[in-house]
Amino acid sequence: MTDYIPPLKDMLFNIRAVSGLERILEFENFADFDADVIDQVVEEAGKFAADVLSPINIPGDRTPCKVVGKEVVTVPEFAAAYAQFSENGWLSLDVSPEYDGMGMPGITGIAASETWQAACLSFMLCPMLTSGAIAAIEAHGTPEMKKTYLPKMASGAWAGTMNLTEPQAGSDLSVVATRAVPDGDHYRITGTKIYITWGDQTFTENVVHLVLARLPDAPQGVRGISLFLVPKYLLNDDGSCGELNDVYATSVEHKLGIHGSPTCVMSFGENAGSVGYLVGEENKGLAGMFTMMNHARIGVGVQGLGISERAYQLARSYALDRKQGRAPGVKGTATIIHHPDVRRMLLVMKSQIEAMRAAAYYTVGMQDIAHHSNNESERAAASARLALLTPVIKAWPTEVAQELTSIGVQIHGGMGFVEETGAAQHMRDARILTIYEGTTGIQALDFVGRKIMSDEGRAMKALIEEMKSLDAELRGDERLAEIGSALSEGVQQLESASAWLLEQGPLDPNAAGSASVNMLMLAGVVVGGWQMARAALAITNGAASDDPSFASGKLLTVQFYALHIMPKARAYHDAAIAGAGSVMDLKEDQF
Ligand SMILES: Cc1cc2nc3c(=O)[nH]c(=O)nc-3n(C[C@H](O)[C@H](O)[C@H](O)COP(=O)(O)OP(=O)(O)OC[C@H]3O[C@@H](n4cnc5c(N)ncnc54)[C@H](O)[C@@H]3O)c2cc1C
């Protein structure tokens, strides 16, 4: 079995060609960094992924987590890898220096994270959630809270978790029932949370739970939810860990994939009520949690990218090795990579992976601009673009990951279905990605509702105009003509579906919901195609001229995307505008 090798050439190419790095490095906050330093950090992160995390992927899958006493115990290899992860300071890459972080651009963290997620997704959920909790505390915590918790979390000494879900409150957080009662300078939290990722483990000194709960007199619905910080261990006056708080994991779930990551049922306040501290304002907790959720949404999209890359590498190496049948021009039995259909499957993987990478890096570049530019209108435009694309970058790569990890199995034939190759694990691990952090359906509702209709289509229009502006450049080079016409057709479809949504959405309460997932997937395919076209343009303008094989491979891959993947835009468009009747007319008893 081939281990994971970070696809550094394509990663570094995308960091420079599509993420907007040149502009990002002009910001004052990043004055200490240049593109070479970022390359070096990403290369080191990739080495860590290959040498330390990739080998623990299978042990994590085969050794389920368990509750021992009142603690969760995971596979020993994870504890050892975590010790190295925090010793190397990896968690602090893009954390502000004010809290002992390295303060690098977010694009560094996301590229590093791609390699770590690919190498061992179930392990990386722990640091990923810690990063999200850091972002939420940094944005909404009190100065004292930030000073106390953030340096410990950035160093990896303490982990962070996200506690939203309850049995009756999954996609719909308005019915969260966990209670918080004021008690002096803190609150007492009581309730049960389910499905809490890395809700407990024994390898960090403390676990910092961010918990949604409701005050006794809170209004009903999402306007009555507050956010609390509930540490596993209460802190002594000097900031060290003291007594155990009244919170623990009562059980862990048995599940389809990500076996190495404990998915916990958490009990808060079985005795006196667990001690919690308010983050942000009372009844405005969802805004704080959204900072963490948006962070995690992009992180989960990158999980889809990473696991697809790993599945691709395994399938590619099998296809280069496995002999079966005859192929034109090959003497004797051919390796299966010579069969057109196997090549097609590999290219469906490779081209969509590269499109997802480009689109994700571009979106994180927007995040860097939105947070760090000192030009107000640039910041506003980047924020709008980031908000529009966040649900797309969560849902589209994770949906595509289902297709690609399944193709990874298919390329292996029967060997894919047996566990030894590892292809099946990729498919099992990937299955959660479209569910947690908001299902695809919920992302799509956010996309069509808040991001397009409530905005009256402004952010979408700006995106469409910018994509159109590439047309002339693409048509100016005959090597890019096919790519240009595929993109312009895809952009037209996105424009037409958006216009339909803005017109029909207000007229029929089911129109937007019926169109939503097709609209989101249409946007994913087209934005991916746009970024691939930008990559192709960068190649024809001389990027990667020192590596002709990479450069010509990139052009052929973009061309495949234009000819085989962009046509999906038409199908998504037609289904999106089919109208609510096509999904609503069948009565419940006719299903
Ligand atoms: C392994 C794992 C790890 C998790 N980690 C965490 C964690 O760390 N913290 C945490 O708080 N939670 C976590 N979750 C919970 C996860 O976020 C929820 O499972 C998810 O949000 C969906 O909620 P649900 O399971 O209740 O499904 P439901 O909300 O019941 O949804 C069922 C189906 O109905 C659809 N649906 C629901 N409402 C609508 C609607 N309004 N419009 C259209 N479609 C709709 C959904 O898309 C889905 O297809 C985890 C879950 C799992 C399985």
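Residues numbered from 1 in each chain as written. Predicted model: local features only at pLDDT ≥ 70, side-chain atom pairs only at ≥ 80, totals over all residues. Heavy atoms only, no water.

Student: Just to check I follow, could you spell out the overall build of the protein for this structure?
Tutor: A count of helices and strands for the protein gives 21 helices and 12 strands. Scaling as 2.2 N^0.38, a compact globule of 591 residues should have a C-alpha radius of gyration of about 25 Å, and the protein matches this with 24 Å. Along the first, second and third principal axes, the C-alpha set of the protein runs to 75 × 60 × 55 Å. Looking at the protein as a whole, 57% of its 591 residues qualify as buried. Long-range contacts, defined here as pairs at least 24 residues apart, represent 75% of the contacts in the protein between residues at least 6 apart. Accessible surface computed for the protein: about 23900 Å², of which carbon and sulfur atoms make up 53%. (Helix = DSSP H or I, 4+ residues; strand = E, 2+ residues; numbered from the N terminus. Rg over C-alpha atoms; globule rule 2.2 N^0.38 Å. Buried < 20%, exposed > 50% of the residue type's maximum accessible area, 1.4 Å probe, protein only. Contact = heavy atoms within 4.5 Å. Areas by Shrake-Rupley, 256 points an atom, 1.4 Å probe, with all protein chains shown as cover.)

Student: I keep staring at the site of the ligand and nothing clicks. Help me out?
Tutor: Around the ligand sit 18 residues in total, of which T165, S171, Y195, T197 and T439 are the nearest. S171 is positioned such that a nitrogen or oxygen atom in its side chain is 2.6 Å from an oxygen atom of the ligand. Between the ligand and T439 there is a distance of 2.6 Å, counted from an oxygen atom to a side-chain nitrogen or oxygen. Relative to its free-state accessible area of 970 Å², the ligand is covered by the protein chains to the extent of 62%. (Near = heavy atom within 4 Å. Polar contact = N/O pair within 3.5 Å; in protein donor to acceptor, adjacent residues only side chain to side chain.)

Student: Looking at this structure, how should I read empty space enclosed by the protein?
Tutor: Any empty space left between the atoms is revealed when a probe the size of a water molecule rolls over them. Inspection of every chain in the model, using the stated rule, returns two cavities of 30 Å³ or more. In this model, the second largest cavity occupies a volume close to 40 Å³. Around the second largest cavity sit I483, A486, L487, G529, V558, Y561, A562 and M566, which together line it. Across the lining of the second largest cavity, the residue classes tally to seven nonpolar, one polar and no charged. (1 Å grid on protein atoms, 1.4 Å probe; cavity = no way out; pocket = protein on both sides within 12 Å on 5 of 7 lines; lining within 4 Å. Points joined across faces, edges and corners; volume = space filled by probe spheres on them. Nonpolar A, V, L, I, M, F, W, Y, C, P; charged D, E, K, R; others polar.)

Student: Explain the side chain of T398 here, please?
Tutor: Within the secondary structure, T398 sits in helix α11 (residues 376-411). Polar side-chain contacts of T398 include one of 2.8 Å to the backbone oxygen of K394. Within polar-contact distance, the side chain of T398 engages the backbone oxygen of A395 at 3.0 Å. Excluding residues within four positions of it along the chain, T398 makes contact with V300, G301, L433 and T434.

Student: Any chance you could explain the pattern of salt bridges here in plain terms?
Tutor: Once their charged atoms are close, side chains differing in charge can pair, the charge on each being opposite to the other. This structure, assessed with the given rule, holds 30 salt bridges. With its nearest N and O atoms 2.8 Å apart, the salt bridge here joins K232 to D200. Here K232, found in the loop between β7 (226-231) and β8 (233-235), pairs with D200, found in the loop between β5 (186-197) and β6 (206-213); they are 32 residues apart in sequence, far enough to count as distant. Overall, the relative accessible area of 7% leaves K232 in the buried class. When its relative accessible area of 4% is taken as the criterion, D200 is described as buried. The salt bridge partner of E354 is K350, with a shortest N-O separation of 2.7 Å. Placement of both E354 and K350 in helix α10 (residues 340-372) is noted, with a separation of four residues, approximately one turn of the helix. Under the relative-accessibility criterion, E354 is labelled buried at 7%. Overlapping salt bridges bring together D10, E114, E309, K350, E354, R357 and K554 as one network. (Salt bridge = Lys/Arg side-chain N within 4 Å of Asp/Glu carboxyl O.)

Student: What is the right way to read unusual backbone geometry from this model?
Tutor: What is expected of a backbone is that most residues other than glycine have negative phi and most peptide bonds are trans. Positive phi, close to 35°, is recorded for I258, a residue that is not glycine. Position of I258 among the secondary structure elements: in the loop between β10 (247-252) and β11 (263-268). I258 gets classed as buried once you look at its relative accessible area, which sits at 5%. The backbone of A544 sits at a positive phi, close to 65°, despite the residue not being glycine. Position of A544 among the secondary structure elements: in the loop between α18 (511-540) and α19 (548-565).

Student: Is there a simple way to explain the packing of α11 against helix α14 (residues 440-453) in this structure?
Tutor: Helices that pack against each other are described as a pair by the angle of their axes relative to one another and the distance between those axes. Contact pair α11 / α14: the axes reach a minimum separation of 9 Å and the direction vectors enclose 155°. Here α14 runs roughly antiparallel to α11, going by the angle between their axes. Crossing angle aside, the handedness with which α11 passes α14 is left-handed. On α14, the residues that touch A387, L388, P391, V392, K394, A395 and E399 of α11 are T440, Q443, D446, F447, K451 and I452. (Axes fitted to C-alpha atoms, helices over the stretch in contact; angles between N-to-C directions. Parallel < 35°, antiparallel > 145°, perpendicular 65-115°, else oblique. Left-handed = near helix turned anticlockwise from the far one by under 90°.)

Student: Explain α14 here, please?
Tutor: Since the α-helix turns once every 3.6 residues, residues separated by three or four places project in the same direction. Helix length check: α14, at 14 residues, gives a terminal C-alpha distance of 18 Å against a target of 20 Å (1.5 Å per residue), a fit within 8%. Buried residues in α14 make contact with α9 (285-321), α11, α15 (458-468), α17 (481-504) and α18. (Expected span 1.5 Å × (residues − 1).)

Student: Before we go on, may I ask you to explain the pairing of strand β3 (residues 158-163) in this structure?
Tutor: Note on strand geometry: in a regular strand, side chains alternate between the two faces of the sheet. By the criterion of burial, β3 is predominantly enclosed, with six of the six residues buried. As judged from the six bridges shared by β3 and β6, these two strands associate in the parallel manner. Along β6, the bridge assignment pairs T161 with H209. (Pairing = 2+ DSSP bridges.)

Student: Just checking my understanding: could you explain the packing of aromatic side chains for this structure?
Tutor: How two aromatic rings sit relative to each other is set out by the distance from centre to centre and by the angle between their planes. Throughout the structure, instances matching the rule amount to 15 aromatic pairs. Each member of the aromatic cluster is reached from another via a ring pair, and the members are F48, F78, Y82, F85, W90, W116, F123, W198 and F203. The ring of F290 carries R450 above its face, with NZ or CZ at 5.6 Å from the centroid. (Phe/Tyr/Trp six-rings, centres within 6.5 Å; stacked < 30°, edge-to-face > 60°. Lys NZ or Arg CZ within 6 Å of the ring centre and 35° of its normal.)

Student: Got a minute to help me understand the nonpolar core in this structure?
Tutor: By size, the foremost hydrophobic cluster in this structure holds 146 residues, and its most contacted members are L53, W116, F123, W396, I411 and F447. Element by element, the count of residues in this core is highest for α18, at 19 residues. With 30 residues, the next largest nonpolar core counts Y99, L129, L150 and A157 among its residues. (Core = buried A, V, L, I, M, F, W, Y, C linked by side-chain atoms within 4.5 Å.)

Student: Explain α11 to me, please; I cannot follow it from the model alone.
Tutor: Taking 1.5 Å per residue, 36 residues should reach 52 Å; α11 reaches 50 Å between its end C-alpha atoms and fits that length. At L389, α11 is bent by approximately 35°, the largest bend along its length, and proline P391 sits one to four residues beyond. The N-terminus of α11 is capped by N375, whose side-chain oxygen sits 3.0 Å from the backbone nitrogen of S377. One or two positions beyond α11, positive phi appears at G413, with a value near 60°. (Bend = angle between axes of the 7 residues up to and from the residue.)

Student: Is there a simple way to think about the state of the cysteines in this case?
Tutor: Cysteine pairs can be linked by a disulfide, which is a covalent bond between their two sulfur atoms. Under the defined criterion, the tally for this structure stands at zero disulfides. Between C126, a free cysteine, and C264, which holds the nearest cysteine sulfur, the sulfur-to-sulfur gap is 11 Å. (Disulfide = S-S within 2.5 Å.)

Student: How do you make sense of the side chain of K394 when you look at a structure like this?
Tutor: Checked against the element boundaries, K394 lands in helix α11. Leave out the neighbours within four places in its chain, and K394 touches R297, V300, G301, L433, T434, I435, Y436, E437, G438 and Q443.

No statement about biological role is implied by the geometric values presented.
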